[in-house]
Amino acid sequence: IEALRDQFTGRTTSYPRADGTIGPRTYLDSAASNLRFRGAEAVVEDAMQHYANTHSHLHHGARIMTEAYAQAHDAVLQFVGAPDDYTAIFCGTGVTGGLNRMARVLAAQHPERDVAITTLMEHHANDLPHRKHLRKVVHVPLQVDPDGNAGRVDMTALRAAIHEHGDRLNYVAVTAASNVTGIANPVHAIAEAAHDVGALCVVDAAQSAAHRPIRITGDAPGEALDVMCLSGHKIYAPGSPGLIVARKALFDNHEPEVVGGGIVEFVDAKRYDVTSALPDREEAGTPNLPGSLLLGATLRILQRVGMDAIEADEQALTQYAMSALNEIDGLTIYGSHRLEVAERIGVITLNLHDLPHGLVTAALNDYFGIAVRNECFCAQPFVRQLLGIADEQGIAPTSCTDTCGPRTQPGMVRLSFGLYNTRADVDTAVKALRDLAARPDWYRERYRPVDDGS
Ligand code: PMP
């Protein structure tokens, strides 16, 4: 891991500030996108010397690209330990594209099962597609401890919802780790519960894939996940190659979502026959070769380093950060700060009691050169819940003034880690937050709250 740390672009980039000075940057926004990993770029550069389109074996470049693209698929399947009856499909835009597509596929394949269950801790990408394609979506609440800390999905409530909907339930869609609190869910236990009523389990692995081991199969056969979606840019491969890893059988007799070149066996003016081969059938058109190859190469390197080691390293850093942040008076960390650190990834959201999140974020970025973001992180229901805001509109200055400050959208400040981050980065952030908490007026005079709009 130490050797990899130097192979990221942007770790030590200089940062222009509002006052015209230039200073070093600390990157703590990995939950949005990880930094670029040069280690994989070097590997891909070799193959890209021969760049050409796939779908032909007759010239050298096409052959190399076709083979490299197939290897990228294999790398994904290996990374998540997928058995032979699973396929890996590269799809357009990240997890968002993958979940939209799978909601459509699953709704069309089993129209009699017209209910989906998701949770109140989801990114909008793992909520809105289900609302769009299923007749009914149930949002399962979170386990809340007596101090109001919301942790993982409430398994009792989830099981009750699963049994209530029984053979109307199509699938349960859940995140493997929250992009707001970093807290991880027991996805294999959730899969087993869904399978109990013949439903499927769809997992949003956007946040967890680069941070902790995640496998398709569980300890028992009934615990295998049916669908997993991943995003390249959250696994150190920039751009948005999205990935679906899913049971091949889910696509049986399904009309492909996108039709065109590369997926047909016969076409005349009256009819077309699509190939039955996966993933080809679901990957019409020219693939995003640079993004896919980069992701494949990155996954192989991560696997070689070992996801257990990567997780342990990040946990140690997260624990270090949580301990230091918990010492700052007037700072609240959201989610279960009491949960064992093993059940979370390196994402920490917080607010300072005396300053709006938009102002804290503006100062952290501009004054301290710490790249962080704020507001709701595309998880408005969850953030409102953590802030104790019941208001459907999401703007509740009366109940939110203490933590968010007046005249801003509800929200929080998020610090998130990648494998390039070290204790020195955490120290920089803790020192900055300590100063903000200690002399809020000094910052209030210089910065205005900024709503990030996300
Ligand atoms: N799910 C989670 C948990 C996420 O954090 C994100 C990205 N912030 C997404 C889904 C959507 O990913 P993408 O933007 O790559 O589609």
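Cut-off values and rules
- Residues numbered from 1 in each chain as written.
- Predicted model: local features only at pLDDT ≥ 70, side-chain atom pairs only at ≥ 80, totals over all residues.
- Helix = DSSP H or I, 4+ residues; strand = E, 2+ residues; numbered from the N terminus.
- Expected span 1.5 Å × (residues − 1).
- Buried ≥ 20, exposed ≤ 12 C-beta atoms within 10 Å, placed from the backbone.
- Arc of directions from axis to C-beta.
- Contact = placed C-beta atoms within 7 Å.
- Pairing = 2+ DSSP bridges.
- Axes fitted to C-alpha atoms, helices over the stretch in contact; angles between N-to-C directions.

Novice: So what about helix H3 (residues 60-79)? Which residues, and what values?
Specialist: Along its 20 residues, H3 runs 28 Å from first to last C-alpha, staying within 8% of the 28 Å computed at 1.5 Å per residue. The set of residues buried in H3 consists of Met65, Ala68, Tyr69, Ala72, His73, Ala75, Val76 and Phe79. The buried residues of H3 occupy an angular sector of 155° when projected down its axis, which confines them to one face. Check the buried side of H3 and you find it contacts helix H2 (38-48), strand E6 (86-93), strand E14 (241-247) and helix H8 (289-305). Gly81, located one to two residues past H3, shows a positive phi value of around 60°.

Novice: Please set out the sheet that holds strand E21 (residues 412-416) residue by residue, giving values where relevant.
Specialist: Strands sit in the order E17-E18-E21-E20 across an open sheet of 4 strands; the sheet is antiparallel. Sheet topology places strand E17 (331-333) and strand E20 (373-375) at the edges, where each strand pairs with a single neighbour. Across the sheet, the mean angle separating the axes of adjacent strands is 35° when strand polarity is ignored. Bridge count between E17 and strand E18 (residues 347-352): 3 bridges; the pairing is antiparallel. Within E18, the residue paired with Ile333 across the bridge is Leu350. Here helix H13 (residues 423-438) sits on the sheet and contacts E17, E18 and E21; the angle it forms with E18, its principal contact strand, is near 15°.

Novice: Give me the lowdown on unusual backbone geometry, citing residues and values where you can.
Specialist: Cis geometry is found at the peptide bond from Leu278 to Pro279, where omega equals 5°. Locating Pro279 in the fold gives a position in the loop between strand E16 (272-274) and H8. If you check the backbone angles, Glu375 has positive phi at about 85° while not being a glycine. Note on placement: Glu375 falls in strand E20. Taking the C-beta count within 10 Å as the criterion, Glu375 has 23 such neighbours and is therefore assigned buried. Despite not being glycine, Phe377 shows a phi value in the positive range, around 55°. Of note, Phe377 is situated in the loop between E20 and helix H11 (380-387).

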